[in-house]
There are 2 protein chains.
Amino acid sequence: MELNEINPYVLKVMPSAMRKFDHDISVDPKIIKLTLGEPNFNVPDHIKQAAIDAINDNKSHYPYYWGYQELRDAASKYYRDKFGYDYPADQIVVTVGATEAVAVTVKTLFKPGDAVIIPTPAYPLYDASTTLNELNTLLVDTSDDDFILTPAKVQKAIDDHPDLNVKGLILTDPNNPTGVAYSKEQIAALAPVLKKNGIWVISDEIYGELTYGQKHYSISEYLPDQTIIINGLSKSHAMTGYRLGFIFGPSGFVDEIAKVHQFTVTAAASIVQYAAIEALEHGQDDSKPMLQEYEKRRDFVAKEMTEAGFDVVHPGGAFYVFAKIPVGLHMDSWAFVKTLAKEYHIGLMPGDPFGDNEYVRISYAASDEALAAAMKAVKQLVADHSVEPTK
Amino acid sequence: MELNEINPYVLKVMPSAMRKFDHDISVDPKIIKLTLGEPNFNVPDHIKQAAIDAINDNKSHYPYYWGYQELRDAASKYYRDKFGYDYPADQIVVTVGATEAVAVTVKTLFKPGDAVIIPTPAYPLYDASTTLNELNTLLVDTSDDDFILTPAKVQKAIDDHPDLNVKGLILTDPNNPTGVAYSKEQIAALAPVLKKNGIWVISDEIYGELTYGQKHYSISEYLPDQTIIINGLSKSHAMTGYRLGFIFGPSGFVDEIAKVHQFTVTAAASIVQYAAIEALEHGQDDSKPMLQEYEKRRDFVAKEMTEAGFDVVHPGGAFYVFAKIPVGLHMDSWAFVKTLAKEYHIGLMPGDPFGDNEYVRISYAASDEALAAAMKAVKQLVADHSVEPTK
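Parameters at a glance
- Each chain has its residues counted from 1, running along the sequence as written.
- Naming scheme: in the order in which they are written, chains are lettered from A and ligands are numbered from 1.
- Note on the predicted model: pLDDT of at least 70 is required for a residue's local features to be given, and 80 or more for side-chain atom pairs to be given and counted; whole-chain, interface and lining totals, by contrast, use all residues.
- As a convention, hydrogens and water are excluded, and side-chain values are obtained from all of the structure's heavy atoms.
- UniProt positions are given in the numbering used here, feature names are shortened, and annotations may be inferred rather than shown by experiment.
- Working definition: helices are DSSP H or I runs of at least four residues, strands are E runs of at least two. Numbering for both runs from the N terminus.
- Here the term buried applies to any residue with accessible area under 20% of the maximum for its type, exposed to any over 50%, and partly exposed to those in between, with areas from a 1.4 Å probe on protein chains only.
- By the convention used here, residues are in contact when the closest approach between their heavy atoms is within 4.5 Å.
- Once two parts are put together, the accessible area they lose, assessed with a 1.4 Å probe and summed over both, is termed the buried area.
- Note on definitions: salt bridges are taken to be side-chain nitrogens of Lys or Arg within 4 Å of carboxyl oxygens of Asp or Glu.
- Each polar contact in these results corresponds to two N or O atoms within 3.5 Å; when the atoms are within protein, one needs to be able to donate a hydrogen and the other to accept it, and residues that are neighboring in sequence are counted only if both atoms are side-chain atoms.
- Residues were grouped as follows: Ala, Val, Leu, Ile, Met, Phe, Trp, Tyr, Cys and Pro as nonpolar; Asp, Glu, Lys and Arg as charged; and all remaining residues, including Gly, as polar.
- Strands pair, by our definition, only if DSSP identifies at least two bridges between them.
- Angles shown run from 0 to 180 degrees and are taken between the N-to-C directions of axes, each axis being a line fitted to C-alpha atoms and, for helices, limited to the stretch in contact.
- Least-squares fitting of one copy onto the other uses the C-alpha atoms of those residues that reach a pLDDT of at least 70 in both copies.
- As annotated, the domain borders come from an automatic or database domain assignment.
- Neither His nor the chain termini are counted; the positive set is Lys and Arg, and the negative set is Asp and Glu.
- In this scheme, a helix's expected span is set at 1.5 Å multiplied by one less than its residue total.
- Within this scheme, the nonpolar core is defined by two criteria: the residues are buried Ala, Val, Leu, Ile, Met, Phe, Trp, Tyr or Cys, and they are joined through side-chain atoms within 4.5 Å.

- The name an unreviewed UniProt entry gives chain A is Aminotransferase, with Lentilactobacillus otakiensis DSM 19908 = JCM 15040 as the organism.
- Chain A has a UniProt comment under Cofactor (unreviewed entry) that states "pyridoxal 5'-phosphate".
- Here chain A is described in UniProt, under the heading Sequence similarities (unreviewed entry), as follows: "Belongs to the class-I pyridoxal-phosphate-dependent aminotransferase family."

**Focus on unusual backbone geometry**
Residues and elements named next belong to chain A.
Link 1 in the chain: For the peptide bond that leads from threonine 120 to proline 121, omega is 0°, which places it in the cis range.
Link 2 in the chain: Among the structural elements, proline 121 can be located in the loop between strand E3 (115-120) and helix H6 (125-132).
Link 3 in the chain: A positive phi angle, close to 65°, is found at arginine 243, a residue other than glycine.
Link 4 in the chain: On the accessibility criterion, arginine 243 (3% relative accessible area) is buried.

**Structural notes on the interface of chain A and chain B**
Link 1 in the chain: Each partner contributes to the interface: chain A provides 80 residues, whereas chain B provides 80 residues.
Link 2 in the chain: Summed over both partners, the interface of chain A with chain B comes to about 7000 Å²; 62% of that surface belongs to carbon and sulfur atoms.
Link 3 in the chain: In this assembly, chain A and chain B are joined by 2 salt bridges.
Link 4 in the chain: Its salt-bridge partner being glutamate 5 of chain B, residue lysine 167 of chain A comes within 2.7 Å of it at the nearest N-O pair.
Link 5 in the chain: At the boundary of chain A and chain B, one finds 38 residue pairs in polar contact (both at pLDDT 80 or more).
Link 6 in the chain: For the side of chain A that touches chain B, the secondary structure elements donating two or more residues are helix H1 (8-12), helix H2 (17-25), helix H3 (45-56), helix H5 (97-109), H6, helix H9 (253-265) and helix H10 (270-282) of chain A.
Link 7 in the chain: Of all the elements, H9 of chain A adds the most residues to the side of chain A that touches chain B, at 8 residues.
Link 8 in the chain: Across the side of chain A that touches chain B, the residue classes break down as 43 nonpolar, 22 polar and 15 charged.

**Here's the deal with the sheet that holds strand E7 (residues 227-232) of chain A**
Residues and elements named next belong to chain A.
Link 1 in the chain: Ordered by their spatial adjacency, 7 strands build an open sheet running E2-E8-E7-E6-E5-E3-E4, and the pairing between neighbours is mixed. Looking at which strands have only one partner, the edges of the open sheet turn out to be strand E2 (92-95) and strand E4 (136-141). When the angles between neighbouring strand axes are averaged without regard to direction, this sheet yields 20°.
Link 2 in the chain: Relative to E7, strand E6 (residues 200-204) is paired through 4 bridges, and the arrangement is parallel. Paired with aspartate 204 across the strands is isoleucine 230, a residue of E7.
Link 3 in the chain: Lying on the sheet, helix H7 (residues 151-159) is in contact with E3, E4 and strand E5 (166-172); it crosses E4 at an angle near 140°.

**Thoughts on the pairing of strand E10 (residues 320-324) of chain A**
Residue and element names in this part refer to chain A.
Link 1 in the chain: With respect to burial, E10 is a largely interior element, 4 of its 5 residues being buried.
Link 2 in the chain: Inspection of the sheet shows strand E9 (residues 311-312) paired to E10 by 2 bridges, in the antiparallel sense. Residue aspartate 311 lies in a different strand from E10, and its bridge partner there is lysine 324.

**So, the pattern of salt bridges**
All names here are of chain A.
Link 1 in the chain: Inspection of the entire model under this criterion finds 44 salt bridges over all chains.
Link 2 in the chain: Lysine 324 is the partner of glutamate 358 in a salt bridge, and the nearest nitrogen-oxygen pair spans 3.7 Å. With glutamate 358 in the loop between strand E12 (349-350) and strand E13 (359-363) and lysine 324 in strand E10, the pair connects residues that are 34 residues apart, well separated along the chain.
Link 3 in the chain: Here the salt bridges do not stand alone but share partners, grouping Glu293, Lys296, Arg297 and Asp368 into one network.

**What about the relation of the copies chain A and chain B?**
Link 1 in the chain: Once turned by 180° and shifted 0.0 Å along the axis, chain A lies on chain B with an RMSD of 0.0 Å. Both chain copies can therefore be described as sitting about a two-fold axis. Nearest to the rotation axis, the C-alpha of isoleucine 52 of chain A is located 2.9 Å from it, this being the minimum over chain A.
Link 2 in the chain: A share of 100% of the interface residues of chain A reappears at the interface of chain B, consistent with the copies meeting face to face through the same patch.

**Overview of the domain arrangement of chain A**
Residues and elements named next belong to chain A.
Link 1 in the chain: Its domain assignment divides chain A into domain 1 (3-42 + 287-385) and domain 2 (45-282).
Link 2 in the chain: Using only C-alpha atoms to locate each centre, domain 1 and domain 2 end up separated by 24 Å.
Link 3 in the chain: Between domain 1 and domain 2 lies a buried interface of about 2600 Å² when both sides are counted; carbon and sulfur atoms form 64% of it.
Link 4 in the chain: There are 0 salt bridges connecting domain 1 and domain 2.
Link 5 in the chain: Counting across the interface, domain 1 meets domain 2 through 12 residue pairs in polar contact (both at pLDDT 80 or more).
Link 6 in the chain: Where the side of domain 1 that touches domain 2 is concerned, the elements lending two or more residues are H1, H2, helix H11 (287-307), E10 and E13.

**Quick notes on the UniProt feature "domain: Aminotransferase class I/classII large" (unreviewed entry) in chain A**
Link 1 in the chain: Per the UniProt record, "domain: Aminotransferase class I/classII large" (unreviewed entry) is found at residues 30-375 of chain A.
Link 2 in the chain: For residues 30-375 of chain A, helix accounts for 40% and strand for 16%, while the C-alpha atoms at its two ends are 16 Å apart.

**Quick word on the sheet that holds E13 of chain A**
Link 1 in the chain: Taken in spatial order, the 4 strands make up an open sheet running E9-E10-E13-E12 (chain A), and their pairing is antiparallel. The two strands at the open ends of the sheet, each matched to only one other strand, are E9 and E12 of chain A.

**Describing the side chain of glutamate 38 of chain A**
Link 1 in the chain: By the secondary structure assignment, glutamate 38 of chain A is in the loop between strand E1 (32-33) and H3.
Link 2 in the chain: Buried within the structure, glutamate 38 of chain A lacks any salt-bridge partner; its nearest side chain of opposite charge belongs to arginine 19 of chain A, at an N-O separation of 6.7 Å.
Link 3 in the chain: Separated by 2.5 Å, the side chains of glutamate 38 of chain A and threonine 240 of chain A make a polar contact.
Link 4 in the chain: When sequence neighbours within four positions are dropped, the list of residues in contact with glutamate 38 of chain A reads Thr240, Phe319 and Ala365 of chain A together with His61 and Tyr62 of chain B.

**Describing helix H4 (residues 69-83) of chain B**
Residue and element names in this part refer to chain B.
Link 1 in the chain: In this model H4 runs 21 Å from its N-terminal to its C-terminal C-alpha over 15 residues, within 8% of the 21 Å that 1.5 Å per residue would give.
Link 2 in the chain: All buried positions along H4 are accounted for by Leu71, Arg72, Ala74, Ala75, Ser76, Tyr78, Tyr79 and Phe83.
Link 3 in the chain: On its buried side, H4 packs onto strand E2 (92-95), strand E7 (227-232), strand E8 (245-248) and helix H10 (270-282).
Link 4 in the chain: Among the residues trailing H4, glycine 84 stands out with phi positive, at a value near 75°.

**Structural notes on the pairing of E8 of chain B**
All names here are of chain B.
Link 1 in the chain: Side chains of E8 alternate between two faces, with Gly245 and Ile247 and Phe246 and Phe248 buried alike.
Link 2 in the chain: Bridge count between E2 and E8: 4 bridges; the pairing is antiparallel. Along E8, the bridge assignment pairs threonine 95 with glycine 245.
Link 3 in the chain: Note: E7 against E8, 4 bridges, orientation antiparallel. Counted as the bridge partner of isoleucine 230 is isoleucine 247 from E8.

**Observations concerning the nonpolar core**
Link 1 in the chain: Judged by nonpolar contacts, the single largest core of 168 residues is most densely connected at Phe336 of chain A together with Phe336 of chain B.
Link 2 in the chain: Not counting residues within four places of it along the chain, the set of residues in contact with phenylalanine 336 of chain A comprises Phe310, Ile325, Leu329, Met331, Leu348, Val360, Val378 and Leu381 of chain A.
Link 3 in the chain: Of all hydrophobic cores here, the second largest spans 70 residues; its members include Val94, Ala269 and Ala275 of chain A together with Tyr78 of chain B.

What follows is the structure in structure tokens.
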């Protein structure tokens, strides 16, 4: 059998460069990693106990594929209270993390050949997902608009491609990798152009609970009939490894997505669903202590990176700082992160897999000690490697 | 937005009729269900403890997408010892149950438009999976060969479709829904025709540990370069709700499948992976007491169903009896199971979703009491509803 005989759309995508880089540098026993979007907090104890209780109570049988009714009821209430989502339980599907939620939504909503807009820099999963589903991907650079997607940019992407059937937009707010959080006005401004052009928004709001000094606004309020919301417990409750996500969307369409979900995974793990019920029913404030820590760390990292000569995007949410490498280093993002890993044993994410090779991403969901060591190493690298004054 | 504008291949598949029927009849508080492939055993205690330990030890972070190295090492050894699989850890991917394993394998191996053979009766997931991936499905009826796929039938399917590029076969051994387990000779006999025609076998061996009075043989021994094995812990360790599966296959191809897996779910849940390590390292004999029970129940159900006037397929494995409805009832499989559920409060699976509307499937992974009640009800239905002598 020959590899070139398999699905050509699978051959087109590469394994996640970020996860591969993270894996590769992990062989260094001295490495301190600020790479993955991985909270350094543990799952709150009451949620762990709920998972343990479910195990002891032998909750080990197939859940109904949409997810347990009790969990979808809890999600309906929790996200209504948090962000004003307006979805009853029968418009909510429980998934294996936000990743599966994105994968099955992209698979369902679009015909092969349709085009989907991805504002960049962006989480690399989206482009992989559109490519695997035989879609045309329109990457729209937002760096000249302070990393905010504007209605004008959406309209221009459509006008520039009269040959394509532009049917979707994948929006991440708060954003990964930039940490940018959209204001109410910025979100509301996008609705008319999307409505006029009949464009679905896949709104990835996985970082919705992690905003600093501002609220999170969901585009579903302005465009309910054309929005599929992706959310989950990975970031809000530090449950990345548990793999628990949600899809919210209009009746009928969500039923179609649920079908694809069923034939993709059957259901999310039973014991994890019980943990999630506890998180949503009694863990409304679980993210608060994390948020306080994250905000302190964000301020520290932004200050240090600026001092080191980087241009720092103002992060209003998530737990990332996206910073432009000083020109005096003459390094692209790969050269920078590889040098930092090899010589200083610090792991950061290159901007390249996100679509911007002049930037690096620092995940500050890490301990104060790790962040201090990382900032010291970055400054040392700049001092050691600058071939001309940095600013 | 209009439903007919979404992915037409998604519109083509229906939600699992079996799971819907199971869900629908569950509103009857008196219902006794022998519907899903759901062991009535609990997860063995030592495995539950391993999951609890992982929760308490905060093993809640992203696993590497292939699955933990320790788990893939354990799977390499366990399945070598059990069935002679010959795969090192770097040819094994950990998935969210066998469902995800099938979904990502079908997605990866074939080009849109390729044809895949599915011997029927078959688990409905396969046809949904080929349809979702824009493949042509060739259903090949095996009922006239005692439900065994023969090399002649494979060759005939190819010869009958000269216009199609037949690239795959999805084989389930032991079979669901028939319970038929292939002999060594029957498995070995399929290899030459598949090799000659360059056909991949997706070999679903999820019931491999559940055979009665005979061993399980894997086609991977005869056709290693063209086999992807699907397996997992749902049936062998009664871990259905935990969602833990494996893919085994040739280097290079498995890497491509792992990529699709990553962009579909990121990884299987961390705490479930730790439970799985325990199952494979110390649970080699966990299925033995279950097997003894299953064999007793199989004999009971086969005898009772025969007495009730059904033609029973001899089940050498899995935990299903597939039985032909007496002609004197003048009922197809839906009429039979709906009558049985409504009037007698017993749930069985209709044969129709598996591809044979003259049969019903009884899952005997249920308590002795449930089985006795079900057999009594079946006999009563036959007595009450026969419009002419049954045999």
